[in-house]
Amino acid sequence: MSQPELLSSTKSYGGWIKRYRHQSESVKGEMIFAIYLPPQAETSKVPVLYWLSGLTCNDENFMQKSGAQRLAAKLGLAIVCPDTSPRGSDYPGEHESYDFGSAAGFYLNATQAPYDQTYHMYDYVVSELPQVIESNFPVTDKKSISGHSMGGHGALICALKNPGAYQSVSAFAPISNPTQCPWGKKAFAGYLGHDEKTWEEWDACLLISQAEEKLAILVDQGDADNFLAEQLKPDALELACDVNNHPLMMRHQVGYDHSYFFIASFIDDHLEHHAKALS
């Protein structure tokens, strides 16, 4: 395991936002992540919330726009933000669209060439990154996971596929049913191939029925979100949870869109949700 290289350090609410670069075995290249270490981390180990960002984002979006550090400092909660895809591979067509390729890794393990060589974001988030964090920072092995849009999809599948690994899970405007929306169909065809049966293990709505652990899910969804009906499909997630008696708190927020203004408005509720589970 390579030692993370510090890129920047910024003090915030008594703690520190730090960016690191390291060599990743999962994606066979360099990855950058950001971590917020609250003031409590100077004297004791703290639990971790992993945040997965959405399409077009990287490790910086959440740290710069969410306003989460204020309450995270009070709660004694570290926050880790990985990038959203491998970088630097330069496959043909990899950078041509916002919803596939760079900044659009969809938190799965690709099986189709050439993406199967490096696009293993699921392995990176679930296995490798926690090992790096727990080996190099003053954190406990208790962790929770959350995310936005594509990252909300990622948070849901990581929790559903790994019973016992996370203490809690939440999402903002997740791509809930990717096998049935244009974003998901495009990404899954490119990363996994055209056998739609192989897509099912990466769809939260389909994983709900197989979940070995009924970890309560918190979701916030703005009703003015431009992607609501075509791409996000929260109704499908509500139906899947209802049919399978899986605990879900789906909060429909009037007037809110898909932006970080929406996330910043409700991030405190999510931090409290995770801190309670991690305490």
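Preceding this section is the structure that the text describes.
Presented here is an overview of the structure given in this document. Remember, it's a predicted structure, so these values are computed and weren't measured experimentally. (Residues numbered from 1 in each chain as written. Predicted model: local features only at pLDDT ≥ 70, side-chain atom pairs only at ≥ 80, totals over all residues. Heavy atoms only, no water.)

### Some words on the overall build of the protein
Okay, so step 1: Looking only at helices and strands, the protein features nine helices and nine strands.
Okay, so step 2: Within the protein, buried positions represent 57% of all 279 residues.
Okay, so step 3: Within the protein, counting contacts between residues at least 6 apart in sequence, those at least 24 apart form 71% of the total.
Okay, so step 4: In the form shown here, the protein has an accessible surface area of approximately 11300 Å², with 48% of it arising from carbon and sulfur atoms. (Helix = DSSP H or I, 4+ residues; strand = E, 2+ residues; numbered from the N terminus. Buried < 20%, exposed > 50% of the residue type's maximum accessible area, 1.4 Å probe, protein only. Contact = heavy atoms within 4.5 Å. Areas by Shrake-Rupley, 256 points an atom, 1.4 Å probe, with all protein chains shown as cover.)

### Description of the packing of aromatic side chains
Okay, so step 1: A full pass over the atoms with the stated rule returns 21 aromatic pairs.
Okay, so step 2: Geometrically, the ring pair formed by F106 and F188 is edge-to-face, given 6.3 Å between the ring centres and 75° between the ring planes. In this pair, F106 is assigned in the loop between β5 (78-82) and α3 (121-136) and F188 in helix α5 (residues 182-192), connecting sequence segments 82 residues apart.
Okay, so step 3: On the basis of relative accessible area, F188 is assigned to the buried category, the value being 0%.
Okay, so step 4: For the ring pair Y256 and F266, a centre distance of 4.9 Å and an interplane angle of 70° mean the geometry is edge-to-face. Of this pair, Y256 sits in the loop between β9 (248-253) and α9 (260-278) while F266 sits in helix α9; the two residues are 10 residues apart in sequence, bridging distant segments of the chain.
Okay, so step 5: By relative accessible area, which is 30% here, Y256 ends up partly exposed.
Okay, so step 6: Each member of the aromatic cluster is reached from another via a ring pair, and the members are W51, F62, F172, Y256, F262 and F266.
Okay, so step 7: We note K161 situated over the ring of Y122; from NZ or CZ to the ring centre the distance is 5.5 Å.
Okay, so step 8: Of note, K161 hangs over the ring of W202, and the distance from its end group to the ring centre comes to 4.5 Å. (Phe/Tyr/Trp six-rings, centres within 6.5 Å; stacked < 30°, edge-to-face > 60°. Lys NZ or Arg CZ within 6 Å of the ring centre and 35° of its normal.)

### A closer look at the environment of D123
Okay, so step 1: Along the polypeptide, D123 turns up in helix α3.
Okay, so step 2: Of the residues examined, D123 reaches a relative accessible area of 31% and is grouped as partly exposed.
Okay, so step 3: In this structure, the C-alpha to C-alpha distance between D123 and Q231, residues 108 residues apart in sequence, is 25 Å.
Okay, so step 4: Discounting chain neighbours no more than four positions away, the residues touching D123 are S26, N109 and E128.

### Quick look at unusual backbone geometry
Okay, so step 1: Of note, the amide linkage connecting A113 to P114 takes the cis form, showing an omega dihedral of 0°.
Okay, so step 2: Topologically, P114 is positioned in the loop between β5 and α3.
Okay, so step 3: Its identity is not glycine, yet K28 carries a phi of approximately 55°, on the positive side.
Okay, so step 4: For K28, the location among the structural elements is in the loop between β2 (15-24) and β3 (29-37).
Okay, so step 5: The phi dihedral of A103 falls on the positive side, at around 70°, and the residue is not glycine.
Okay, so step 6: With respect to the secondary-structure elements, A103 resides in the loop between β5 and α3.

### Examining the pattern of salt bridges
Okay, so step 1: On inspection of all chains with the given rule, the structure shows 10 salt bridges.
Okay, so step 2: Across the pair K161 and E201 runs a salt bridge whose closest N-O atoms are separated by 3.4 Å. Linking K161 in helix α4 (residues 150-161) with E201 in the loop between α5 and α6 (204-207), this pair joins segments that are 40 residues apart in sequence.
Okay, so step 3: Assessed through its relative accessible area of 40%, E201 is described here as partly exposed.
Okay, so step 4: With a shortest N-O distance of 2.9 Å, D220 and R251 are connected by a salt bridge. Of the two residues, D220 is situated in strand β8 (residues 217-222) and R251 in strand β9; the sequence distance between them amounts to 31 residues.
Okay, so step 5: Classification of D220 as buried rests on a relative accessible area of 0%.
Okay, so step 6: Residues participating in the shared-partner salt-bridge network are R19, D59 and E60. (Salt bridge = Lys/Arg side-chain N within 4 Å of Asp/Glu carboxyl O.)

### Let's talk about α4
The periodicity of an α-helix, 3.6 residues per turn, causes residues three or four places apart in sequence to face the same way.
Okay, so step 1: Helix length check: α4 (12 residues) gives 16 Å between terminal C-alpha atoms against 16 Å at 1.5 Å per residue, within 8%.
Okay, so step 2: When we look at burial in α4, the residues that qualify are M150, G151, G152, H153, G154, A155, L156, I157, C158, A159 and L160. (Expected span 1.5 Å × (residues − 1).)

### Looking at the side chain of D203
Okay, so step 1: Counting through the fold element by element, D203 comes out in the loop between α5 and α6.
Okay, so step 2: Although D203 is buried, it makes no salt bridge; K185 carries the closest opposite charge, 10.0 Å away.
Okay, so step 3: A distance of 2.8 Å separates the side chain of D203 from the side chain of N177, its partner in a polar contact.
Okay, so step 4: Polar contacts involving the side chain of D203 include one to the main-chain amide nitrogen of C205, which spans 2.9 Å.
Okay, so step 5: Ignoring any residue separated from it by four or fewer positions in sequence, one finds D203 in contact with I157, S176, N177, P178 and T179. (Lys, Arg positive; Asp, Glu negative; His and termini not counted. Polar contact = N/O pair within 3.5 Å; in protein donor to acceptor, adjacent residues only side chain to side chain.)

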